[in-house]
Amino acid sequence: MRNVRPLLLGLLLLVSCQPGKDSSPSAHLTYQSHRYEGRFLNEWIALALDMLREQQVSPPEAARILGYVGLTAWEAVCNGLPNGRSLSGQIHNYAAPKFDPSKVYDWGLVLCAAMRKVLPELFEQVSDSQLFALHALAAQQEDALLQRGLTERIRQDSRFWGERIAATVAARARNDGRASIRNLTAALPQRDAQHPHYWTPPAPSQSAVEPLWSQVNTFFWTPDDRCVPPSPPLFSTELGSEWYAQAQEVASVPKTTANRVVAFHWEDGPGHSSTAAGHWFNIARQLLEREGSHLADCARLYCQLGLAAADACWVAWSVKYQYFLLRPVTYIQENIDANWKPLVFTPAHPEYISEGAVLAAACSALLLQHVGNSGFIDSTHQGALLYTPEGGPFVLPERLFPSLSGAAQEAVFASVIGGTHFRRSCEAGEQSGKCLAEQLLRRIAFFQ
């Protein structure tokens, strides 16, 4: 008898969802997105992060892509909540397609259809193996969802709505300014005797990473004085200057095992991970899986993280190429120790401000609101190989953090230990990140 009752309930639900049987204004809530497992979205996030890592996407580009992934996720499920609210009109240049509440939707199928269509649109190119993985995941999820006995009408309406959302998000991505700068080569200022503070690439063969990124549209932040870091101090090589003191701090960091662990864990260079933004997405994924969070909660958090990460990188990159400041390795080798080397490789973009600090502050602030300040294990880099200026490869382990806030503080200042940023750059980045998270929470409403 224990198997009869669920079967009867399932049959009753199936009958109530037959085509033409329910065309009420609340038909869209026949199924509700908070009753789906979070794994349906977590699996898509894991795939997106793999694609970012494999394609060695630049930090601001990765954050932009994750912004669109998060937006797609929320838009795909928000109408499946009694009080869910689209971000249409709440973020720049985005108007959602008109929604029909008189239809019955399976929100897992909506999400699956949206992700399957939007992901290839967000990358400049997608490999055959990545397309295979994408279609395989979609087929696997659809098979699991269709076992619920959905009618053909529900299947078609769900897929159609998901594809419409994806098309709308992809249209915004095509027109956000990224395409217009993709193949442009910027004329950058040159370091000379009159401009000794200017940045130069760490290797002659390297090109500056995304010097025109300020031409890309933000999601929610309108460029103004809020969240913009203060101007750095005037350049000086004098012994008592702030520049010299901060460089001396970086040069004096002991290369102990403990410091290597910190520097290596937050080193998210191309190919090593899905960038710093992807690292925080993966931390979120691990926490959401641990908590058993449902689909709607996962979608809201990923959307917040994506929008915050994208705009955080916009702030960092616009400031980087405004001040165009040299990295610690240049200053230290010229003024303190000609043989000094950082623990990790110095990336090919100017020093001020640290995008890792902006992202850590913004993303951790949002995560704290969702999951609290508990400890967690971060296995983002477990088993990954890392090459450094001192050699390698080093095989990276998982890390246990007693608290989320503690992990965030470590991430904010890890680049001082790693030798790629001065402390002031991390402090300014932290303040900008906190400011961005506060503005997102104040400006964007996910519920009516």
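Use the structure listed above.
Bear in mind that the values here come from a model prediction, so they are computed numbers and not experimental data. (Residues numbered from 1 in each chain as written. Predicted model: local features only at pLDDT ≥ 70, side-chain atom pairs only at ≥ 80, totals over all residues. Heavy atoms only, no water.)

A.B. asks: Help me get a handle on the side chain of N282, residues and values and all.
C.D. replies: Turning to its location among the elements, N282 is positioned in helix 10 (residues 275-291). When its relative accessible area of 9% is taken as the criterion, N282 is described as buried. Of note is the side chain of N282, whose polar atom sits 3.0 Å from the side chain of T380. Residues in contact with N282, not counting those within four places in the same chain, are L49 and T380. (Helix = DSSP H or I, 4+ residues; strand = E, 2+ residues; numbered from the N terminus. Buried < 20%, exposed > 50% of the residue type's maximum accessible area, 1.4 Å probe, protein only. Polar contact = N/O pair within 3.5 Å; in protein donor to acceptor, adjacent residues only side chain to side chain. Contact = heavy atoms within 4.5 Å.)

A.B. asks: Let's hear about the side chain of T275: which residues, and what values?
C.D. replies: In this structure, T275 sits in helix 10. Residue class for T275 comes out buried when judged on its relative accessible area of 3%. When residues no more than four places from it in sequence are discounted, the contact partners of T275 are V57, S58, P59, A62 and D268.

A.B. asks: Can you lay out the environment of R300 for me, pointing to particular residues and giving the numbers?
C.D. replies: Position of R300 relative to the elements: it lies in helix 11 (residues 295-323). As a C-alpha pair, R300 and K434 span 134 residues in sequence and 19 Å in three-dimensional space. Discounting chain neighbours no more than four positions away, the residues touching R300 are W74, H370, F446 and F447.

A.B. asks: Now, about the layout of surface pockets: what can you tell me, with residues and values included?
C.D. replies: Space inside the second largest pocket adds up to approximately 200 Å³. Considering the residues around the second largest pocket, the lining is formed by 13 residues, among which L49, D50, R53, N282 and T380 are closest to the centre. When residues of the lining of the second largest pocket are assigned to their parent elements, the largest contribution, four residues, is made by helix 2 (residues 39-55). Tallied by class, the residues present in the lining of the second largest pocket amount to three nonpolar, seven polar and three charged. (1 Å grid on protein atoms, 1.4 Å probe; cavity = no way out; pocket = protein on both sides within 12 Å on 5 of 7 lines; lining within 4 Å. Points joined across faces, edges and corners; volume = space filled by probe spheres on them. Nonpolar A, V, L, I, M, F, W, Y, C, P; charged D, E, K, R; others polar.)

A.B. asks: Residue-level account of the state of the cysteines, with values.
C.D. replies: Evaluated as defined, the whole model comprises one disulfide. Here C227 engages in a disulfide with C435; their sulfurs sit 2.1 Å apart. Taking the torsion about the S-S bond as the criterion, the C227 to C435 disulfide, at about -75°, is left-handed. Of this pair, C227 sits in the loop between helix 7 (178-181) and helix 8 (242-251) while C435 sits in helix 15 (residues 423-443), and the two are 208 residues apart along the sequence. Taken as a pair, C227 and C435 share a single burial class, namely buried. The thiol of C298 is not disulfide-bonded; the next cysteine sulfur, from C303, is found 13 Å away. (Disulfide = S-S within 2.5 Å.)

A.B. asks: Run through empty space enclosed by the protein, naming residues and quoting values.
C.D. replies: What the rule picks out here adds up to two cavities of 30 Å³ or more. Estimates place the volume of the largest cavity at around 70 Å³. Lining the largest cavity are P60, R64, D176, W213, V216, N217, T218, F219, A310, D311 and W314. Residue assignment for the lining of the largest cavity shows that the elements contributing at least two residues are helix 3 (59-77) and helix 11. Of all the elements, helix 11 adds the most residues to the lining of the largest cavity, at three residues. Residue classes in the lining of the largest cavity are distributed as six nonpolar, two polar and three charged. As a volume, the second largest cavity reaches approximately 50 Å³. Every residue lining the second largest cavity is listed: V250, V253, K255, W340, K341, P342, L343, V416, I417, G418 and G419. It is helix 14 (residues 404-418) that provides the largest number of residues to the lining of the second largest cavity, a total of three residues. Looking at the lining of the second largest cavity, its residues break down into seven nonpolar, two polar and two charged.

A.B. asks: With reference to specific residues and values, describe the pairing of strand 3 (residues 391-395).
C.D. replies: The pairing of strand 2 (residues 385-388) with strand 3 spans three bridges and is antiparallel. In the strand pairing of strand 3, L385 is matched with V395. Counting the residues between successive antiparallel strands, the hairpin from strand 2 to strand 3 contains two residues. (Pairing = 2+ DSSP bridges.)

A.B. asks: I'd like a rundown of the packing of helix 11 against helix 13 (residues 355-371), residues and numbers included.
C.D. replies: Where helix 11 meets helix 13, the closest approach of the two axes is 9 Å, and the angle between their N-to-C directions is 160°. With respect to helix 13, the axis of helix 11 lies roughly antiparallel. Crossing handedness for the pair helix 11 and helix 13: right-handed. Contacts between helix 11 and helix 13 involve D297, R300, L301, Q304, L305, A308, A309, A312, C313, A316, W317 and K320 on the former and, on the latter, E355, V358, L359, A362, C363, L366, L367 and H370. (Axes fitted to C-alpha atoms, helices over the stretch in contact; angles between N-to-C directions. Parallel < 35°, antiparallel > 145°, perpendicular 65-115°, else oblique. Left-handed = near helix turned anticlockwise from the far one by under 90°.)

A.B. asks: Got a sec to walk through unusual backbone geometry? Specific residues and values, please.
C.D. replies: Residue I353 is bonded to the preceding Y352 through a cis peptide linkage, with omega at 10°. Within the secondary structure, I353 sits in the loop between helix 12 (328-335) and helix 13. Residue P393 is reached from G392 by a cis peptide bond, and omega for that bond is 5°. As for its placement among the helices and strands, P393 is situated in strand 3. Phi is positive for C227, close to 75°, though the residue is something other than glycine. The residue T275 is not glycine, and still its phi comes out positive at about 75°.

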